[in-house]
Every structure is written in C-alpha cells, then in structure tokens.
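Each chain, letter by letter, is given below.
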Amino acid sequence: MGVISAATTLLLSASLLAGIAPLVTESTSSTAVADLIATVSGERMMATIQDLEEFGSRAFYANGSREAADYIQQRFEALHLDTMKQEFTVGGFESSNVIAMMEGTDPDTPCFLFGAHYDSENMNAENLTLAETLPAPGADDDASGVATVVELATVLAGTEIKNTIKFVAFGAEEAGFDQSGGLAGSSVFVLAEKANGTAYAGTVIFDMVGYKAGAQNYVMGFVNSASGQLPWAIESAVSEHSLDLVIELVDAPWMAYSDHYPFWLAGYPSMLMIEELDNTTYAPLYPHYHTQNDTSDKLSPDQIAEIAKATVAGLVSVAEREGGSDFTIYAIAATVAGGSVAAVLVYHRRRQARVQ
Ligand SMILES: [Zn+2]
C-alpha cells in the first residue's frame, strides 16, 4: 500500500470491517488516465526529434543510422527497460532493430507493440556516395514517430500492466537509392515474432506524425479487418479525454507503405498512424518529404503530444479489457457506526508517483 495516503489507509481499515467489493467505475479510472496522459510532453518529444536530426543522415547506408540506433538504445536503457538490438544486413550494410520490453505481470496475455523507423532518406541520393553524405535529417520521417515511441515508453515505464509492451525502432524501412531496403527491419522482426510464437493484442506504427497540414492537430489511422480493438480505443480516447486532435480511421487493406504492413501480412493486429495525407491519393502533403529540409522547425509539438496522449489512454482502456492494468479501483461500502457510507475510490496505483 506504499502510495496510498493516510486517509486511504483509514478508509481501507474501515472497509476491512465492512468488506471490500472490487468495482471498476469509469469516472474514477479516467481520472487516473488523465493524470497519466498529463505527463506526456511535446517539448520532450521535440528534443528527441532534434537529437535525431543531428546525426546528419540516418540513411541505412550511413554511419549516422548506426549512431542513431545507439542513441535510441540508451534512451530505452535510461528507462530501465530490457533493451536489445536485433541485427540484420540490408544491401550489404549492417542495420538493426532496437527493441525495448516492458515486461507484463501476466505472461499469458498477448503483447502490445509501439513502433517507428529511425532511418531516413534524401530522395536526391542517387548513388552510395550521396546516400552516405547528403543530409537526411528526417525530422518528420520518421524521427517524429521514434519520438512518439520513446515518449510512450517514458510515460508508461512507471505503470504496471498485465500485457507485455514492446517499443521498437525499426531499421531500413526506407527503400534506399538501390531499392535494397524497404520494410526490411519490420520484416525481420515479424518473422522472428512468428517463429517465437509471440501473440499480439494490438500494434501501432507511427510514421510521419509531426506535420500539421491544416489548422487542426490531425492524425489518420490506417486499419484492416484484423486490426483489433486498439485503434477504436484510441479514437474513443480523443473524445473521452477532450483531446485537441482530429482522428480519422481509414479501412485500407491496400495501404502497404510502412512498417505495419509486415504485421498485416503475418495476420497480426496493426494500425499505421500518420499525419494528414492527400484525401484522394493518400500521398504525403508534407512539402519537405525525403529532402534535407525535413527539419524539426516544420513540425508541431502539440500534434505529436496529442497523438501520444490518445495512444496512452487507448492502451490503458484496452489493457483493462484484456484483463487488467494496475488501475484497479475499489468502491468501499463501509458501515461505520450504524450508517452506511459509500466511501468511494481507494485508488491503488503502484509506483504511480514515479511516473508523475
Ligand atoms: Zn517513413
């Protein structure tokens, strides 16, 4: 009962007299979630993007890509998450997926995953020399996605959920000048997960979430018929928590151009979250796409923060349905001195203080 206050202890002892009935009430748990999503920081996310754009080029041919992988690993390790590199070669170059795991309390429940790609591309790189040397800051594509994954890990690191959560930065999502890449890291990852028999309740891939094309914070969620509950829980979270975000879910099994696609091909529930695209061609509206001008000053800290908040709230609600996060609430009916007092809400949130 480490984090329960004196008043709570008193209520608890009173309830021991009267009996405890676990009862989950929406309003109380949404308070807890509101506290949690309030810890999301757009400023911290922008700092992650700025760190990543400073590697010059993160094209999978370039050293900057391998240095960025080390940087991301250090960020996860600083959160005390089990972290590893899953190495592979692409087009003759060493690359890796950086995988961090937040072990769940019940290994029998299926996992959740949040992922993004850390490599970048400059479309003017027509050969190896240019690919290794031309600046490819990739702030929106896809340092914004990596920053979202690192932020989710930061915010969730202090909570306890039955489901294991994996936070993954994928290598070599971009095709490269010689087309030797292209969803390479996520394909390697999914094959290994299938071989290990890993089960997923939901996965979300963030790819280009920082550019605000219009007046509103906006995100599109591309789903297929097997995307699971998580996309809709994220959508509901926007209104439940009055987030400043427009979210549009699009049923689009043909949408193949990001790391969610190998998950779909393997039959895993997945969704691609991406900023507003052209509503007929679904091409990026971002004018600096795959150029040296894709820099953090073009991005919206508010939009990425609202996307992270919706994702945290959506996850908690699905994890609860999946069988339980640590946000367990007890309504104590206590009979004290001849009257019955419904003493509400003893909130048991282990280690919640650390998240704050
Ligand atoms: Zn991308």
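First, a word on scope: everything that follows refers to the structure included in this document. Here the structure is a predicted model, which means the values were calculated and not measured.

## A short note on the overall build of the protein chain
Alright, step 1. When you go through the protein chain residue by residue, the secondary structure sums to eleven helices and eleven strands.
Alright, step 2. Taken across its 356 residues, the protein chain has 56% of its residues classed as buried.
Alright, step 3. The contacts of the protein chain with a sequence gap of at least 6 include a subset with a gap of at least 24, amounting to 78%.
Alright, step 4. Surface summary for the protein chain: the accessible area is close to 14400 Å², and the carbon and sulfur share equals 53%.

## Re the packing of helix H3 (residues 42-53) against helix H4 (residues 63-78)
Alright, step 1. For the pair H3 and H4, the least separation of the axes is 10 Å and the interaxial angle reads 150°. By the criterion of interaxial angle, the relationship of H3 to H4 is roughly antiparallel. Contact with H3, carried on its side by Arg 44, Thr 48, Asp 51 and Leu 52, involves Ala 68, Tyr 71, Ile 72 and Arg 75 of H4 and no other residues of that element.
Alright, step 2. Residue classes in the contact of H3 with H4 are distributed as four nonpolar, one polar and three charged.

## Considering the sheet that holds strand S8 (residues 246-251)
Alright, step 1. Pairing is mixed across the open sheet formed by eight strands, whose spatial order is S2-S3-S5-S4-S6-S9-S7-S8. Edge strands, defined here as strands with exactly one partner in the open sheet, are strand S2 (82-90) and S8. Neighbour to neighbour, the strand axes of the sheet diverge by 20° on average, direction disregarded.
Alright, step 2. Pairing of S2 with strand S3 (residues 93-102) involves nine bridges; the strand directions are antiparallel. Its bridge partner lying in S3, Asp 82 is registered against Met 101.
Alright, step 3. Across the sheet, helix H6 (residues 139-156) is in contact with S3, strand S4 (111-117), strand S5 (165-170) and strand S6 (200-206); its angle to S4 comes to roughly 145°.
Alright, step 4. Sheet strands touched by helix H7 (residues 184-195): S2, S3, S4, S5 and S6. Its angle to S2, the strand with the most contacts, is close to 115°.

## Some words on the nonpolar core
Alright, step 1. Among the nonpolar cores identified, the biggest contains 91 residues, and Phe 76, Phe 114, Phe 167 and Phe 222 are the most heavily contacted of them.
Alright, step 2. The dominant element in this core, judged by the number of residues it contributes, is helix H10 (residues 301-322), at eleven residues.
Alright, step 3. With residues near it in sequence (within four places) discarded, Phe 76 still touches Leu 81, Thr 83, Val 98, Ala 100, Val 149, Val 150, Ala 153 and Phe 167.

## Some points on the pairing of S5
The two faces of the sheet receive side chains in turn, since in a regular strand these alternate between them.
Alright, step 1. Across the six residues of S5, six count as buried, placing the element largely inside the fold.
Alright, step 2. Residue alternation in S5 divides its side chains into two sets, Ile 165, Phe 167 and Ala 169 and Lys 166, Val 168 and Phe 170, and both sets are buried.
Alright, step 3. In this sheet, S5 lies alongside S3 in antiparallel orientation, the contact comprising five bridges. Across the sheet, the residue bridging to Ala 100 is Phe 167, located in S5.
Alright, step 4. As paired elements, S4 and S5 share six bridges and run parallel to each other. Each bridged residue has a counterpart across the sheet, and for Phe 112 the counterpart in S5 is Ile 165.

## Regarding the packing of aromatic side chains
Given two aromatic rings, their pairing is described by the distance between the two centres and the angle made by the two planes.
Alright, step 1. Throughout the structure, instances matching the rule amount to 17 aromatic pairs.
Alright, step 2. Ring geometry for Phe 170 and Phe 263: centres 6.3 Å apart, planes at 70°, overall edge-to-face. Here the residue Phe 170 occupies a position in strand S5, and Phe 263 occupies one in helix H9 (residues 260-265), the gap between them amounting to 93 residues. With respect to class, Phe 170 is no different from Phe 263; both count as buried.
Alright, step 3. Taking the relative accessible area as the measure of exposure, Phe 263 reaches 0% and is therefore buried.
Alright, step 4. Put simply, the rings of Phe 170, Phe 189, Tyr 200, Phe 263 and Tyr 268 pair up and form one aromatic cluster.
Alright, step 5. For Lys 194, the ring lying beneath its charged end belongs to Tyr 268, and the centroid distance is 4.6 Å.

## As for the coordination of the zinc ion
Alright, step 1. Only His 117 (NE2), Asp 141 (OD), Asp 207 (OD) and Asp 207 (OD) from the protein coordinate the zinc ion, and they sit 1.9 to 2.7 Å from it.
Alright, step 2. What the four donor atoms of the zinc ion show is an angle range of 51 to 142° at the metal, which sorts the shape as irregular.
Alright, step 3. Mapped onto the polypeptide sequence, the residues donating to the zinc ion form the spacing pattern H-x23-D-x65-D. Residue His 117 is found in strand S4, and its partner Asp 207 is found in the loop between S6 and strand S7 (218-223); the two are separated by 90 residues along the sequence.

## Describing the side chain of Thr 83
Alright, step 1. Structurally, Thr 83 can be placed in strand S2.
Alright, step 2. A polar atom in the side chain of Thr 83 sits 2.8 Å from the backbone oxygen of Leu 81.
Alright, step 3. Beyond its immediate stretch of four places on either side in the chain, Thr 83 contacts Gln 73, Phe 76, Glu 77, Val 98, Ile 99 and Ala 100.

So, how was this worked out
Residues numbered from 1 in each chain as written. Predicted model: local features only at pLDDT ≥ 70, side-chain atom pairs only at ≥ 80, totals over all residues. Heavy atoms only, no water. Helix = DSSP H or I, 4+ residues; strand = E, 2+ residues; numbered from the N terminus. Buried < 20%, exposed > 50% of the residue type's maximum accessible area, 1.4 Å probe, protein only. Contact = heavy atoms within 4.5 Å. Areas by Shrake-Rupley, 256 points an atom, 1.4 Å probe, with all protein chains shown as cover. Axes fitted to C-alpha atoms, helices over the stretch in contact; angles between N-to-C directions. Parallel < 35°, antiparallel > 145°, perpendicular 65-115°, else oblique. Nonpolar A, V, L, I, M, F, W, Y, C, P; charged D, E, K, R; others polar. Pairing = 2+ DSSP bridges. Core = buried A, V, L, I, M, F, W, Y, C linked by side-chain atoms within 4.5 Å. Phe/Tyr/Trp six-rings, centres within 6.5 Å; stacked < 30°, edge-to-face > 60°. Lys NZ or Arg CZ within 6 Å of the ring centre and 35° of its normal. Donors = N, O, S within 2.8 Å, 3.2 Å for Na, K, Ca; no water. Tetrahedral: all angles 85-135°; square planar, octahedral: opposite > 155°, others 65-115°. Polar contact = N/O pair within 3.5 Å; in protein donor to acceptor, adjacent residues only side chain to side chain.

Honestly, it's all geometry; don't read function into it.
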